[in-house]
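Structural features, examined
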Amino acid sequence: MRTMTYSAPAKINLSLDILRKRKDGYHDMRMVMQTITLHDTLILHPHCGGGRITLSCGGALVPCGEENLAWRAARLFFEETDTPCDGLEMELQKRIPVSAGMAGGSADAAVVLKALRGLYRPGLPREELERIALKVGSDVPFCVRGGTVLAEGRGEQMTSLARMPRCPVVLCKPEFGISTPELFGRVTLSKLKAHPDTRGLVKAIALGDLRMAAGKLGNVFEEVLPQEYGEVFEIRDRFLGAGALNAGMTGSGPTVFALFDDETRAKGAYEALAKDYPETYLEKIL
């Protein structure tokens, strides 16, 4: 049986802003999103006969059926491109934390879509693949494109930016989850005190100025975090005390990431946080 292996990289939000609530119930967002080296691994066995899509997750605490975004992406690819499914077996090896604000499920779905395009429809335009991706989830179009991207609307209106300066990134996920719908429900746009300087962040990235870009990090969800999630800010402060250029929450959390301009300081921060938090990672901008 043919075996194909792919990496599905996680993302961080260098900025996350909410502009307005839409009539369809979604929110218009403005975000700068960035892929990093932390990744899941997808192993695909295509053309295996039987016409079925199966997914195994190797003991990871994630659903392996229709609820899994990777499985849903495969089904939608065959349906939306009118491509007969001649059997697809998938194995998912999780490394990206679950419910962490790093789009782990979306990354898995995106790599499935890209792999199936290469196998079955290599001439399919990227824009069409991103259209299918949006039907899977709001973060999936970005994960299809990857890199450094200004994402607007639900995340489907994307502008690829100059590459973010490559630097060490340390990530730390506390041992609790945060409900994304709950955070959106806590947002009253007229009461938000500060919005991230996304325009300034885009300019800093264009200039290749890591320190300036780090100074522009921002996430409006931090302003509405319930008090019981204050550990997010404790982790952020530990990163800053360890010499990070800046630190903040990615997505709807609870993972906190920190940017460093020095490998030694990054490793020191990683080692210090890893003593208290098992899900701590030393990675890089991809």
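Nothing here was measured: the structure is a model prediction, and the numbers come from that model.

**Details of the state of the cysteines**
Per the stated rule, a full pass over the model turns up one disulfide. Across a sulfur-sulfur distance of 2.2 Å, Cys57 and Cys64 are joined as a disulfide pair. Given a relative accessible area of 29%, Cys64 falls into the partly exposed group. With no disulfide of its own, Cys48 lies 7.5 Å from the sulfur of Cys85, the closest cysteine sulfur. Residue Cys48 is classed as partly exposed on the basis of its relative accessible area of 25%. You can see Cys172 has no disulfide; the closest cysteine sulfur is in Cys167, sitting 17 Å from it.

**Let's talk about the nonpolar core**
Core analysis: the largest hydrophobic core is formed by 99 residues, its most contacted members being Leu14, Leu113, Leu116, Phe239 and Leu259. With 10 residues, the top contributor of residues to this core is helix H2 (residues 104-120). Not counting the four nearest positions on each side in its chain, Leu14 is found in contact with Val32, Gln34, Met164, Leu201, Ile205, Lys216, Leu217, Gly218, Phe257 and Leu259.

**Some points on the UniProt feature "binding site: ATP" (unreviewed entry) in the chain**
Cross-referencing UniProt, the feature "binding site: ATP" (unreviewed entry) maps to Pro97, Val98, Ser99, Ala100, Gly101, Met102, Ala103, Gly104, Gly105, Ser106 and Ala107 in the present numbering. Looking at the secondary structure, you find Pro97 in the loop between strand S4 (88-93) and H2. Looking at Pro97, the relative accessible area reads 5%, which means it is buried. Look past the residues within four positions of Pro97 in its chain and what remains in contact with it is Leu38, Met102, Lys173, Glu279 and Tyr281. Considering the arrangement of structural elements, one finds Ala100 in the loop between S4 and H2. Contacts of Ala100, omitting those with residues within four sequence positions, involve Lys173, Thr250, Gly253, Pro254 and Thr255.

**Description of the UniProt feature "domain: GHMP kinase N-terminal" (unreviewed entry) in the chain**
UniProt's feature table lists "domain: GHMP kinase N-terminal" (unreviewed entry) at residues 68-147, given in the numbering used throughout. For residues 68-147, the end-to-end C-alpha separation is 24 Å, with 57% helix and 8% strand making up the annotated structure.

**Comments concerning the pattern of salt bridges**
Side chains carrying opposite charge are able to pair once their charged atoms draw close together. For the structure shown, the criterion picks out 21 salt bridges. Salt-bridge contacts for Arg30 lead to Glu152; the nearest nitrogen and oxygen are separated by 3.3 Å. Within this pair, whereas Arg30 is found in strand S2 (residues 27-46), its partner Glu152 is found in strand S5 (residues 148-153), the two being separated by 122 residues in sequence. Looking at Arg30, the relative accessible area reads 30%, which means it is partly exposed. With relative accessibility at 22%, the residue Glu152 sits in the partly exposed group. The network of salt bridges with shared partners includes Arg20, Arg22, Asp24 and Asp28.

**Comments concerning the sheet that holds strand S7 (residues 168-172)**
In space, the four strands of this open sheet follow the order S9-S10-S7-S11, with antiparallel pairing throughout. If you trace the sheet from one side to the other, it starts and ends with strand S9 (246-249) and strand S11 (280-284), each paired once. The mean angle between the axes of side-by-side strands here comes to 20°, regardless of whether they run parallel or antiparallel. In terms of strand pairing, S7 meets S11 through five bridges, oriented antiparallel. Considered in S11, the bridge of Cys172 is made with Thr280. Sitting on the sheet, helix H8 (residues 231-241) touches S7, S9 and strand S10 (256-259), and the angle it makes with S9 is about 165°.

Definitions and cut-offs
Residues numbered from 1 in each chain as written. Predicted model: local features only at pLDDT ≥ 70, side-chain atom pairs only at ≥ 80, totals over all residues. Heavy atoms only, no water. Disulfide = S-S within 2.5 Å. Buried < 20%, exposed > 50% of the residue type's maximum accessible area, 1.4 Å probe, protein only. Core = buried A, V, L, I, M, F, W, Y, C linked by side-chain atoms within 4.5 Å. Helix = DSSP H or I, 4+ residues; strand = E, 2+ residues; numbered from the N terminus. Contact = heavy atoms within 4.5 Å. UniProt positions renumbered as here; feature names shortened; annotations may be inferred. Salt bridge = Lys/Arg side-chain N within 4 Å of Asp/Glu carboxyl O. Pairing = 2+ DSSP bridges. Axes fitted to C-alpha atoms, helices over the stretch in contact; angles between N-to-C directions.

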